[in-house]
Amino acid sequence: MDSSWYQNQLELLLSDQSCYSPNPEYSAPAMLVELKRLSKNSKQVFKNDSLIQLVNDIEEKVYQRRPHYKIPVMYLLPKIHKSPIGVRPIVPSFPWITHTISEFVDRNLRDILSDFTHDLPDTPTLIRALEQYTFDPYYDYYVCAYDVINMYGNIDIDEAIDTINCYFDGQPEEIEVFNLLRLARWVNYNCIVSDGRNTYRQVKGLAMGTPMAPTIARLFACCVEEGYLFKSDPISHVFLDTDEDYFEELDSLTGVVFDLQIYRYIDDGFAIFKIPRYQGVYTYTPSIANDLFWYFDMCLKKIYADCRSINITIDHGALGRKVVMLDLIISIVDEGYNLRFDIAPY
């Protein structure tokens, strides 16, 4: 890998005008005027004047004699674990006018994000959840891992904001979330980047390198997932029609083909499928597992079907009994009639 490959990747990325608009018009004073409008009633919304203090500090720096803010220079992180090698664009936003507001949005939305129990802040949280997981002896279990394709780059900020606002409509956090997302839109719209020579406005996706990006992405995915899984009737049950005799019998017995539970760390997901054993009979075999996978795929993809920004790829690992998730190898271990999770480093 040499510098010419790196430069070609950067030029290829920035040439996509659906994501990066070249030579944008921008003005720090004009950005400040819009920010002051958005923060006008913030003291009543956020119960303190911390946002006003941030805006006042930004105003002072915008109008000081020596320019304070500098346009971030994009750099690429090669994805050497991919084949072919891909790149991840990083926009270090700390020298830019949006940075402190992005931090403010991130800090406040993270408090709200903690209410979503299936959203994973780290690997140890997943380990604890699986160690505490209770297997029902009348059910068989399958697992899979899934990945959100180019999550940051594909998120439409308007879709994300509309989805999050819709989810919190009528809830106690509604007004706070609405105002935080107005600020998030301001941050994202004013994402100006440079390649060292030319300037661009990022017009699609969330800029990796601005503090709020992971939290916005996670909260958006949570609202999509909970809106589908946990606000349906009955809760988290997935109903499917089928011509297969096995599933016709299973469906007539239980009224549901399988239950689904998911965990997700940003763009990496882990799913547990729970299937009733027919008349207590053990139903796991490799052939049954292979027959089930397309049902599982359909179920997972259905969660995100109405969402333009999220598309997933699915890995069933070793016949739905062993998968890699984050830096872990997660296996279902069969101990006679009992099952348990075995977790090992990857």
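Our subject is the structure listed above.
The rules behind the values
Residues numbered from 1 in each chain as written. Predicted model: local features only at pLDDT ≥ 70, side-chain atom pairs only at ≥ 80, totals over all residues. Heavy atoms only, no water. Pairing = 2+ DSSP bridges. Helix = DSSP H or I, 4+ residues; strand = E, 2+ residues; numbered from the N terminus. Axes fitted to C-alpha atoms, helices over the stretch in contact; angles between N-to-C directions. Contact = heavy atoms within 4.5 Å. Parallel < 35°, antiparallel > 145°, perpendicular 65-115°, else oblique. Nonpolar A, V, L, I, M, F, W, Y, C, P; charged D, E, K, R; others polar. Phe/Tyr/Trp six-rings, centres within 6.5 Å; stacked < 30°, edge-to-face > 60°. Buried < 20%, exposed > 50% of the residue type's maximum accessible area, 1.4 Å probe, protein only. Lys NZ or Arg CZ within 6 Å of the ring centre and 35° of its normal. Salt bridge = Lys/Arg side-chain N within 4 Å of Asp/Glu carboxyl O. Left-handed = near helix turned anticlockwise from the far one by under 90°.

Trainee: Even after reading the chapter, I still don't get the sheet that holds strand β12 (residues 328-335), so can you show me in this structure?
Mentor: Read across the open sheet, the three strands follow the order β11-β12-β13; overall the sheet is antiparallel. In the strand order of this sheet, the two ends are held by β11 (322-325) and β13 (338-345), each with one partner. Geometrically, the sheet is characterised by an average inter-axis angle of 25° between neighbouring strands, direction not taken into account. Relative to the sheet, helix α6 (residues 123-131) contacts β11, β12 and β13, its axis offset from that of β12 by approximately 5°.

Trainee: Would you mind going over the packing of helix α8 (residues 157-168) against helix α9 (residues 174-189) with me for this structure?
Mentor: Think of two packed helices as two axes; the pair is described by the angle between the axes and how far apart they sit. Where α8 contacts α9, the axes come no closer than 9 Å and their chain directions differ by 175°. Judged on the interaxial angle alone, α9 and α8 are roughly antiparallel. Residues Ile-157, Asp-158, Ile-161, Ile-164, Asn-165 and Phe-168 of α8 pack against Glu-174, Val-177, Phe-178, Leu-181, Arg-185 and Asn-188 of α9. A class-by-class count of the residues in the contact of α8 with α9 yields seven nonpolar, two polar and three charged.

Trainee: In this structure, what is going on with the packing of aromatic side chains? I would like to understand it.
Mentor: By convention here, two paired aromatic rings are described through the distance between centres and the angle between planes. This model, assessed by the stated rule, comprises 15 aromatic pairs. Ring centres 6.0 Å apart and planes at 90° place the aromatic pair Tyr-133 and Tyr-141 in the edge-to-face group. Both residues of the pair, Tyr-133 and Tyr-141, belong to the buried class. Between the aromatic rings of Phe-135 and Tyr-141, the centroid separation amounts to 4.7 Å while the plane-to-plane angle is 80°, which identifies the pairing as edge-to-face. Classification of Phe-135 as buried rests on a relative accessible area of 13%. Look at Tyr-141 and you get buried, because its relative accessible area is 0%. Connected via pairs of aromatic rings, a cluster forms that spans Tyr-133, Phe-135, Tyr-141, Phe-270 and Phe-341. Residue placement shows Arg-201 over the ring face of Tyr-189; its charged tip is 4.3 Å from the ring centre. In this structure, Lys-274 is placed above the aromatic ring of Tyr-139, and the distance from its NZ or CZ to the ring centre is 4.5 Å.

Trainee: Any chance you could explain the pairing of β12 here in plain terms?
Mentor: Walk down a regular strand and you will see the side chains alternate between the two sheet faces. Inspection of the sheet shows β11 paired to β12 by four bridges, in the antiparallel sense. Pairing of Val-324 across the sheet is with Ile-329, part of β12. When β12 meets β13, the two strands line up antiparallel, connected through eight bridges. Each bridged residue has a counterpart across the sheet, and for Leu-328 the counterpart in β13 is Pro-345. The loop that links β12 with its antiparallel partner β13 comprises two residues; one of these, Gly-336, has a positive phi angle of about 75°.

Trainee: Just checking my understanding: could you explain the pattern of salt bridges for this structure?
Mentor: A side chain with one charge can pair with a side chain of the opposite charge if their charged atoms come near. Inspection of every chain in the model, using the stated rule, returns twelve salt bridges. A salt bridge links Lys-61 to Asp-57, with the nearest nitrogen and oxygen atoms 3.1 Å apart. Separated by four residues within a single helix, Lys-61 and Asp-57 lie in helix α4 (residues 50-62), roughly one turn from each other. Residue class for Lys-61 comes out partly exposed when judged on its relative accessible area of 23%. For Asp-119, the salt bridge is made with Arg-264, and the minimal N-O distance between the two is 3.4 Å. Taken together, the residues span a long stretch of sequence, with Asp-119 in the loop between α5 (99-113) and α6 and Arg-264 in strand β8 (residues 258-265) at a distance of 145 residues.

Trainee: Help me out: how do you make sense of the packing of α4 against α5 in this one?
Mentor: It is at 10 Å that the axes of α4 and α5 come closest, and there the two elements cross at 165°. Between α4 and α5, the crossing angle belongs to the class labelled roughly antiparallel. As for how α4 packs across α5, the hand of that crossing is right-handed. Taken together, the residues of α5 that come into contact with α4 (itself represented by Ser-50, Leu-51, Leu-54 and Ile-58) are Thr-100, Ile-101 and Phe-104. Broken down by class, the residue content of the contact of α4 with α5 amounts to five nonpolar, two polar and no charged.

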